[in-house]
Amino acid sequence: MATKSKSGLHGSRRKTLLVVVLVVIVVLVTSLFVYRFLVVDNGPIRVKTAAELRDAVNKAEMGLHIDIALTKDITLGPVLNIPGGTNITLTSAAENDFFRLIGLDSQKVITVDGGAVLTLDGIIVTHGNGDNGQGILVNEGGTLIMLDGEISGNTNPWGMGGGVAINPGGVFELVGGVILDNTATGGGGVYNEGVFKMTDGQITNNQATGGNSNYNEGNGGGVYVGETGSFTMSGNAVIDSNTAHRYGGGVYVIQRASFRLSDGKISGNTAFGGGGVYTGGVFEMTSGKITNNQAVDGNGDGDDVDGGGVYVGEAGSFTMSGDAVIDSNTAHRYGGGVCVAFRSSFSLSDGKISGNTAASGGGVGVWFGSFSMSGGMITNNRATNYGGGVYNWYGYGTINRSGGEVSGNTADVGNDSY
């Protein structure tokens, strides 16, 4: 009778062991797949209390995305912290209603830590009954994405950023939803020292209330871009009906910061100077519209009420090109469309400045600054005193025109510029 050799038996055992190991690996991998993609992503975690919400956030595994759905309004105690390494979406369980996440007096509602990603998709982040407190703080390395919902009714009476504040190195992407009715000393809607990208949504009816001791106060009713910050605005984004006690009703850009407007609309905003936009940094406008903003005389002294559409402040620069439009803005003093102030520059290569009104410089008012025009149109603007189209205050500014069209502008007293 034939018998198996020892080597044959050993080979058979090795094959059997290999098969068992492979089966175990397959089971483990399959289990992990099911856990990650079927269990974790099989619908949102539904919460109805602050304790349940915190428990869900604290159990979020590093690197895995989870959805948490509010089933009713939730009032928080301490701030809700989104820890580093987590990827969380907060939403509402109701199909046709947004539930509210309500912060307590003098506390933030949410903080987003470095390495965390928080997405808002249909909740309201707010403070109830007029309580003082910031809406959301994004720390260095953290990311906030807003798809839908509201950040509203938040107040930061002693600091910057009523609705959202972004620290250096933080990121905020506004894709949809509304930031409204927030108040701060500066940056009523958004205060940004990081990266802010706005491709849709609205920032509306926010206020920078200001004070008398700090230059930052009272600036940026809708958005304040701090010196390490960058802000890009495109798509169907809208910044409207915001108010600043001092400068930049819609957007305020400090020195060394940048703002790029490639589409969208800035409208109906009000400030002491720069009703639509104030820039002391770099402002580039390649498309979009700045319309129906006002630089108003808040205290009756008539000073610094310049730049109904855009105020280019000291050391700031503004370039306008493409199909950009600045129209129907009003300034109490200089530059209904654009005011170019001390040591600043404005370059117009394309686009249209029309239908604006000021005491002097209905279209563009130059006040010790520099204006160059190689293309575009300045048309149908009005000055109640001098310079319907362009006004150079006592000739102290610099104007270089190599192209473009200046036509149809009117001045009630005289066009001592053009």
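The structure under discussion appears in the preceding block.
Below is a summary of the structure that appears in this document. (Residues numbered from 1 in each chain as written. Predicted model: local features only at pLDDT ≥ 70, side-chain atom pairs only at ≥ 80, totals over all residues. Heavy atoms only, no water.)

**Considerations on the pattern of salt bridges**
Move 1: Tallying each qualifying case throughout the model produces nine salt bridges.
Move 2: Notably, a salt bridge pairs K48 with E52, separated by 3.1 Å at the nearest N-O pair.
Move 3: Here K48 falls in the partly exposed class, since its relative accessible area comes to 45%.
Move 4: Residue E314 is joined to R343 by a salt bridge in which the shortest nitrogen-to-oxygen separation is 2.5 Å. Linking E314 in the loop between β32 (310-312) and β33 (317-320) with R343 in the loop between β36 (338-340) and β37 (345-348), this pair joins segments that are 29 residues apart in sequence.
Move 5: R343 gets classed as exposed once you look at its relative accessible area, which sits at 56%. (Salt bridge = Lys/Arg side-chain N within 4 Å of Asp/Glu carboxyl O. Buried < 20%, exposed > 50% of the residue type's maximum accessible area, 1.4 Å probe, protein only. Helix = DSSP H or I, 4+ residues; strand = E, 2+ residues; numbered from the N terminus.)

**With respect to the environment of M373**
Move 1: Along the chain, the position of M373 falls in strand β41 (residues 370-373).
Move 2: In this structure M373 comes out as buried when scored by relative accessible area, which is 1%.
Move 3: When the C-alpha positions of M373 and D350 are compared, they lie 8.6 Å apart, and in sequence the two are 23 residues distant.
Move 4: Dropping the residues within four chain positions of it, M373 is found in contact with L348, I378, N400, R401, S402, G403, G404, E405 and V406. (Contact = heavy atoms within 4.5 Å.)

**Considerations on the pairing of β41**
When a strand is regular, its side chains alternate between the sheet's two faces.
Move 1: Only one face of β41 is buried: it carries F371 and M373, and the other face, with S370 and S372, is open.
Move 2: Two elements, β41 and strand β45 (residues 398-401), share four bridges in a ladder whose sense is parallel. The residue bridging F371 from the neighbouring strand is I399, located in β45. (Pairing = 2+ DSSP bridges.)

**Re the pairing of strand β25 (residues 258-261)**
Move 1: Residues F259 and L261 point to one face of β25 and are all buried, whereas S258 and R260, pointing to the other face, are not buried.
Move 2: As paired elements, strand β21 (residues 230-233) and β25 share four bridges and run parallel to each other. Looking at the pairing, F231 lines up with F259 of β25.
Move 3: Pairing between β25 and strand β29 (residues 282-285): four bridges, direction parallel. The residue bridging S258 from the neighbouring strand is V282, located in β29.

Keep in mind these numbers describe shape, not what the thing actually does.
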